[in-house]
Amino acid sequence: RTRFVPVLDRLLDAFAGKRILLILFGDHGEAYTPDTYGHFNAVDEGVLRIPLLFWGTDIPSRLFTSRVRTIDIVPTVYELLGWRPADVRFDGASLVSAIQSGAEPEARAAHVQAYVAQADQANLAQQRFKQGDASCTVQHVLYKEAAYDGAFKLSRRNYVPGTENHEPVACEPDLLLERFDEGMRPRRVFDHGIQQRLLGVMDRNRRRETGPVSIPPELRRHLENHGYLQKIVKQSGS
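Note that the coordinates shown come from a computational prediction; the quantities given were computed from them, not determined experimentally.

Caption draft 1: Looking closely at the sheet that holds strand β8 (residues 170-180). The antiparallel open sheet is built from five strands, whose spatial order is β5-β6-β7-β8-β9. Each having just a single partner strand, β5 (110-117) and β9 (186-188) make up the two edges of the open sheet. Between one strand axis and the next, the sheet turns through 25° on average, direction left out of account. In terms of strand pairing, β5 meets strand β6 (residues 140-149) through eight bridges, oriented antiparallel. Along β6, the bridge assignment pairs Val112 with Ala146.

So, in structure tokens, the structure goes:
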């Protein structure tokens, strides 16, 4: 009310008489738990939940609490604009039916990962980047991940807390299964069948190979060093 509404009202005034669409969303939040400090090593709800606002002249006012994903934004925009290229594949799914009809969407399945960079290597890489050397690499480890399905969330930690940012020590996966109550608050539960199903979701997504990405090599190195792309290691054999 105090931050967004005045800006949105001025935009509506500026574009009076025209059809407009403004999409507002966040990056991440913060969380502080016994093994989480901030956001970089966390899959807590305080980190992952962000605002997502579709504001436009043809969109009725409605608040949804169902889980959707930022990967759903692009296919939504494509459908709103009437773009239906046959050769484009999206990881997300359109939200147009919910936006236009006001019907609450079903909670969508999701998979999130928190890769952590090694602090000393990252600092050294930053210094080298400043000097024009883009050849250095930074080690990342998959510290935490989580899978969502319906009312359930399974979190998995793969390293000993406190080691992930320096000298990572792998451990037996630490699992936490939660169910969301009516207030969207996660409560710990124990259900072996659901836990195994969500572990399968994590493992399938981790094994899934990505296709070729058409980006310049220098940009690819930067994205790899920040953990956004998996490094491709070419191996030769006899």
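Caption draft 2: View of the pairing of β6. Within β6, nine of the ten residues are buried, which leaves it mostly tucked inside the rest of the structure. Looking at chain direction, β6 and strand β7 (residues 152-159) are connected through six bridges and run antiparallel. Opposite Asp149, over in β7, you have Phe152 as the bridge partner. Where β6 hands over to β7, the hairpin turn is made up of two residues, of which Gly150 adopts a positive phi near 60°.

Caption draft 3: Summary view of the nonpolar core. Ranked by size, the top nonpolar core spans eight residues in total: Ala147, Phe152, Leu154, Leu177, Ile194, Leu198, Leu199 and Met202. Formed by six residues, the second largest nonpolar core is a distinct cluster that contains Val43, Ala110, Ala114 and Phe180.

Caption draft 4: Molecular detail of helix α3 (residues 73-80). Regarding α3, the residues found buried are Ile73, Pro75 and Thr76. Down the axis of α3, the buried side of the element spans an arc of 165°, and every buried residue falls inside it. Backbone geometry just downstream of α3 places Gly82 in the positive-phi region, at approximately 75°.

Caption draft 5: Seen up close, the side chain of Thr76. Positionally, Thr76 belongs in helix α3. Sequence-distant contacts of Thr76, defined by excluding residues within four places in its chain, comprise Phe54, Ala93, Ser94, Leu95, Val96 and Ile99.

Caption draft 6: Structural detail: the confidence of the model for the protein chain. A residue-level look at the protein chain finds 90% of positions with pLDDT of 70 or above and a mean pLDDT of 85. Across the protein chain, β7 holds the top mean pLDDT of 96, while helix α7 (residues 217-225) sits lowest at 75. Low pLDDT (under 50) marks residues 233-238, which in the prediction has zero contacts with non-local residues, meaning those over four places away or in another chain.

Caption draft 7: Highlighting the pattern of salt bridges. Inspection of every chain in the model, using the stated rule, returns twelve salt bridges. Two residues, Arg156 and Glu145, come together in a salt bridge whose shortest N-O distance is 2.9 Å. Here Arg156 is found in strand β7, whereas its partner Glu145 is found in strand β6, with eleven residues between them in sequence. As far as burial versus exposure is concerned, Arg156 and Glu145 are alike and both buried. Among the salt bridges present, the one from Arg187 reaches Asp181, with a minimum N-O distance of 3.3 Å. For Arg187, a relative accessible area of 45% translates into the label partly exposed. Three or more residues joined by partner-sharing salt bridges are found here, namely Glu45, Arg49 and Lys153.

Caption draft 8: Representation of the packing of aromatic side chains within the structure. Inspection of the entire model under this criterion finds four aromatic pairs. Summarising the aromatic geometry, the rings of Tyr78 and Phe90 are spaced 4.9 Å apart at their centres and angled 75° between planes, so their arrangement reads as edge-to-face. Taken together, the positions of Tyr78 in helix α3 and Phe90 in the loop between α3 and α4 (96-101) put the pair twelve residues apart, joining distant regions of the chain. Of the residues examined, Tyr78 reaches a relative accessible area of 22% and is grouped as partly exposed. Ring centres of Tyr148 and Phe180 lie 6.2 Å apart, and the angle between their planes is 10°; on these two criteria the pair is classed as stacked. Highlighted residues: Tyr148 in strand β6 and Phe180 in strand β8, separated in sequence by 32 residues. One exposure class covers both Tyr148 and Phe180, and it is buried. Aromatic ring contacts, followed pair by pair, group Tyr78, Trp83 and Phe90 into a single cluster.

Cut-offs used in this document
- Residues numbered from 1 in each chain as written.
- Predicted model: local features only at pLDDT ≥ 70, side-chain atom pairs only at ≥ 80, totals over all residues.
- Heavy atoms only, no water.
- Pairing = 2+ DSSP bridges.
- Helix = DSSP H or I, 4+ residues; strand = E, 2+ residues; numbered from the N terminus.
- Axes fitted to C-alpha atoms, helices over the stretch in contact; angles between N-to-C directions.
- Buried < 20%, exposed > 50% of the residue type's maximum accessible area, 1.4 Å probe, protein only.
- Core = buried A, V, L, I, M, F, W, Y, C linked by side-chain atoms within 4.5 Å.
- Arc of directions from axis to C-beta.
- Contact = heavy atoms within 4.5 Å.
- pLDDT = per-residue confidence, 0-100.
- Salt bridge = Lys/Arg side-chain N within 4 Å of Asp/Glu carboxyl O.
- Phe/Tyr/Trp six-rings, centres within 6.5 Å; stacked < 30°, edge-to-face > 60°.

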